[in-house]
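Below, each chain spelled out in residue letters.
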Amino acid sequence: MYIPFRRTLFVVGLFLLLLVGLSACVTAEGHTDGEVGTGPGFRSPRGVAIDEAGNVLVVDEGLQAVVHVDLVTGNRVIVSDIDTGKGPGFVQPFAIAIENDANLVVADLGLSAVMRVDRATGNRTIVSNKATGTGGRGFGAPDGIVVGRDGTIIVLDAGVRAVISVDPSTGNRTIVSHERVGTGPAFRTPFAIAIDGDGNLLVADSGLAAVIRVDPVTGDRTMLSDDGTGTGKGFGNPAGISAEDNGTLVVADVGQEMIIRVDPATGERNIVSDVSTGAGTKFIQPRAITIERNGNLVVGDVGMQAILRVDPVTGDRTILSIARKKDDGGLERPVSVAVESNGNLVVADEGAEAIVRVDAVTFARTIVTGPSTGAGTPFHQNVGVTIEGDGNLIVVDEGRRALFRVDPVTGARTIFSDDSTGVGPSLATPHVIDREDDGDFVIGDIGLAAVVRVDAVTGDRTIVSDANTGSGAGFGQTFGIAIEANGNLMVADSGLKAIVRVDPVTGDRTIVSSDNVGTGPEFIQPRDISVERDGNLVLVDVGLRGVVRVDPVTGDRTIVSDANTGSGPAFKTPNDVTVEEDGHLVVGDVGLQAVVRVDPVMGDRTILDPASLASGK
């Protein structure tokens, strides 16, 4: 995130802008096949910051790395990753900021930690986590970070739903703002944080579809801009925020594929750049934003796997750095997997905004539906998939805040539940889905901190369990959901770092496994969950980089597969798990950009790719 008082002059000649802009070829859908700059290509550029020389530092979740980008050439150089520098490797680096001594600090959601990176060596050290520094039980899901004038590190934690200050020397943590600290609207899904010229904290909250101002001393929260505050087009899914020199704010809205400027006094919103405003390659998933000294905006687009410059006046967009691979049939961001009745797999590929079918025997991949396949509203963050009894695919789309029904043959897409279809509470950040025996669906909604039931026919939505429905500890981040044979719901909660059993009738919540319930390796970032035929639970944990089996009675945890258990390529960012009919586990790994089959006994891992089949690996 950009901090205004630290800017220094950086000017790029017009001819270089034109040269960079002409280096990319844009298809009809706005996807880019050309290259700008050399070096490792981005996979998921989640956070951007600008150093004092005007170069961009990008934290890339898929590469699990910090990347230096030269804004003149677009060249990319790894600053720190598992092969560059010493120290614990990144798992899910989500945000980056620059300290006063020019070292970097990174919020790593997978490790539930803040890490410091030495710019010269790439060495990584833990600044603060559960074992380093005092203050509570550590982070829940740190996904935003800035550095204050005095050097204090300020972390936005979506799992705890709080702003937390971190002492840069000791790692001690203090809650600055939370529903119990400070007054004003409570955070729902805080995604990004910035600091304005007065030292106020600015939070983009996707669950509230709002920008909130936070007093850094009292923790009081003030609604700065949302549907009820300020005029102009409302936010869809605000994911990045920065402050301009004159105090106005710029917000990257991943849900609406646009950059929005916000007046901090009135909350008024004006579109800076989108498909209808400004020329150049259209955004796909703009998530990160910072500002150059000359006022130009720099945006990290996860869907495009690129860094772009945006003219703050005209909204024109120019690609600064990209190495997007051409269409070779490979997966880009496999975030969810389901098994069809014939054994084939269907994969929600968020990066390609598509559903891909993988043949269970040959591993051949076919697009079922996507930008160029199938009619209907296009996806925009298709993060979950399940299958109806008749074979139709049901897709949960976080960006659209909707459920799609997809014809498995034609790829036709139809929204059957969203703000305009079906009644009941609006979805906020729907992330995972499963199907109950009666055909209805249950969704884990991170923004609502709830499990929501959706009627398969009408699209009507009903809260099954949340802070006001059912007893037990409230949800933190509902990242995974599965259904036991008796109908109970099992939720993998990254915020609580626990598995929670939910009564489908009363909504009562019971911790099944956590650091206080059951033995075995503690969860770090539990993601998806599934139920094996014998009733045991299996889940993927991003922080552990492995698959964990959990006894549903005792909560005891056992590693099924990780770098030390089983053979085959090690997991990088395991995001989803499902169970095949023969008991094998199938994992969608975003870091590997692959679907991996896991032997449930030995833990051996095989990438489901035709090339691996041919090589016998």
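Here, every reference points to the structure presented above.
Below or above, wherever it landed, is the structure these notes cover. Every residue gets a number counted from 1 within its own chain, in the order that chain's sequence is written. Totals for whole chains, interfaces and linings use all residues, but because this is a predicted model, local features are given only for residues with pLDDT of at least 70 and pairs of side-chain atoms are given and counted only at 80 or more. Only hydrogens and water are removed before side-chain values are computed, so all heavy atoms of the structure are retained for them.

Glancing now at the packing of aromatic side chains. Here the aromatic set is Phe, Tyr and Trp, taking the six-membered ring for Trp, and pairing holds for ring centres within 6.5 Å; pairs whose planes are under 30 degrees apart are stacked, those over 60 apart are edge-to-face, and all others are tilted. Taken as a whole and assessed by the stated rule, the structure comprises two aromatic pairs. Judged by centre distance (5.0 Å) and plane angle (75°), the rings of Phe379 and Phe404 are edge-to-face. Here Phe379, found in the loop between strand E28 (365-369) and strand E29 (382-387), pairs with Phe404, found in strand E31 (residues 402-406); they are 25 residues apart in sequence, far enough to count as distant. On the basis of relative accessibility, which here comes to 3%, the residue Phe379 falls in the buried class. Where Phe416 meets Phe441, the ring centres are 6.0 Å apart and the plane angle is 55°; that geometry is what we call tilted. Note that Phe416 is positioned in strand E32 (residues 413-417) and Phe441 in strand E34 (residues 441-445), a separation of 25 residues in sequence. Under the scheme applied here, a residue whose accessible area is under 20% of the maximum for its type counts as buried, over 50% as exposed, and between as partly exposed, the area being computed with a 1.4 Å probe on protein chains only. You can call Phe416 buried: its relative accessible area is 6%. On the basis of relative accessibility, which here comes to 0%, the residue Phe441 falls in the buried class. The positively charged end of Arg221 is found above the aromatic ring belonging to Phe187, 5.8 Å away from the centroid. Helix numbering and strand numbering both begin at the N terminus, where a helix is a DSSP run of H or I of at least 4 residues and a strand a DSSP run of E of at least 2. Only Lys NZ and Arg CZ are tested; either one counts as a charge over a ring when it is within 6 Å of the ring centre and within 35 degrees of the ring normal.

Bringing the pattern of salt bridges into the picture now. By definition here, a salt bridge exists when the distance from a side-chain nitrogen of Lys or Arg to a carboxyl oxygen of Asp or Glu is within 4 Å. If you walk through the whole model with that rule in mind, you get 21 salt bridges. A salt bridge links Glu436 to Arg453; its shortest N-O distance comes to 2.7 Å. With Glu436 in the loop between strand E33 (430-435) and E34 and Arg453 in strand E35 (residues 450-454), this residue pair connects regions lying 17 residues apart in the sequence. Among the residues examined, Glu436 registers a relative accessible area of 9% and is labelled buried. Salt-bridge contacts for Arg549 lead to Glu532; the nearest nitrogen and oxygen are separated by 2.7 Å. On the criterion of sequence distance, the pair formed by Arg549 in strand E43 (residues 546-550) and Glu532 in the loop between strand E41 (526-531) and strand E42 (537-541) is long-range, its members being 17 residues apart. Note on Glu532: relative accessible area 10%, which makes it buried. The network of salt bridges with common partners includes Arg46, Glu61, Arg333 and Glu350.

Here we have four strands laid out as an open sheet, ordered E41-E42-E43-E44, and antiparallel in their pairing. Bordering the open sheet on either side are E41 and strand E44 (557-561), each of which pairs with just one other strand. Each strand axis lies, on average, 30° off the axis of its neighbour in the sheet, ignoring direction. In this analysis, strands are considered paired if DSSP registers two or more bridges between them. As paired strands, E41 and E42 are joined by four bridges and run antiparallel to one another. Throughout, an axis means a line fitted to C-alpha atoms (over the contacting stretch in the case of helices), and angles, computed between N-to-C directions, take values from 0 to 180 degrees.

Here we take up the nonpolar core. Joining through side-chain atoms within 4.5 Å is the link that ties buried Ala, Val, Leu, Ile, Met, Phe, Trp, Tyr and Cys residues into a set, and such a set is a nonpolar core. Grouped together as the largest cluster of nonpolar side chains are 17 residues, with contacts concentrated most on Ile259, Ile289, Leu297 and Met304. Those elements that place two or more of their residues in this core are strand E18 (249-253), strand E21 (286-291), strand E22 (297-301), strand E23 (306-310) and strand E24 (317-322). For this core, the element with the most residues is E23, which contributes three residues. Grouped together as the second largest cluster of nonpolar side chains are 16 residues, Ile96, Val106, Leu111 and Val117 included.

Structurally, Gln381 can be placed in the loop between E28 and E29. By relative accessible area, Gln381 is classed as buried at 0%. Contacts between residues were defined by any pair of non-hydrogen atoms, one from each residue, lying within 4.5 Å. In this view, Gln381 contacts Asn237, Val254, Gly255, Gln285, Arg287, Glu350, Val396, Asp397, Glu398 and Gly399; residues no more than four positions away in its chain are not counted.

Below, the discussion takes up the sheet that holds E22. Taken together, four strands build an open sheet; the order of strands is E21-E22-E23-E24 and the sheet is antiparallel. If you trace the sheet from one side to the other, it starts and ends with E21 and E24, each paired once. Neighbour to neighbour, the strand axes of the sheet diverge by 25° on average, direction disregarded. Pairing between E23 and E24: five bridges, direction antiparallel. When the sheet's bridge partners are listed, Ile307 is paired in E24 with Ser321.

Here E33 lies mainly inside the structure; five of its six residues are buried. Taken together, E33 and the strand that follows it, E34, pair antiparallel across an intervening segment of five residues, in which Gly439 is found at a positive phi of about 100°.

With four of its five residues buried, strand E15 (residues 210-214) lies for the most part within the structure. Across five bridges, the pairing between strand E14 (residues 201-205) and E15 is antiparallel. Bridge assignment links Asp205 to a residue of E15, and that residue is Ala210. Counting the residues in the hairpin turn of E14 and E15 gives four residues, including Ala209, whose phi is positive at 50°. As judged from the four bridges shared by E15 and strand E16 (residues 221-225), these two strands associate in the antiparallel manner. Along E16, the bridge assignment pairs Ile212 with Met223. Count of turn residues in the E15/E16 antiparallel hairpin: six residues, of which Gly219 carries a positive phi of about 80°.

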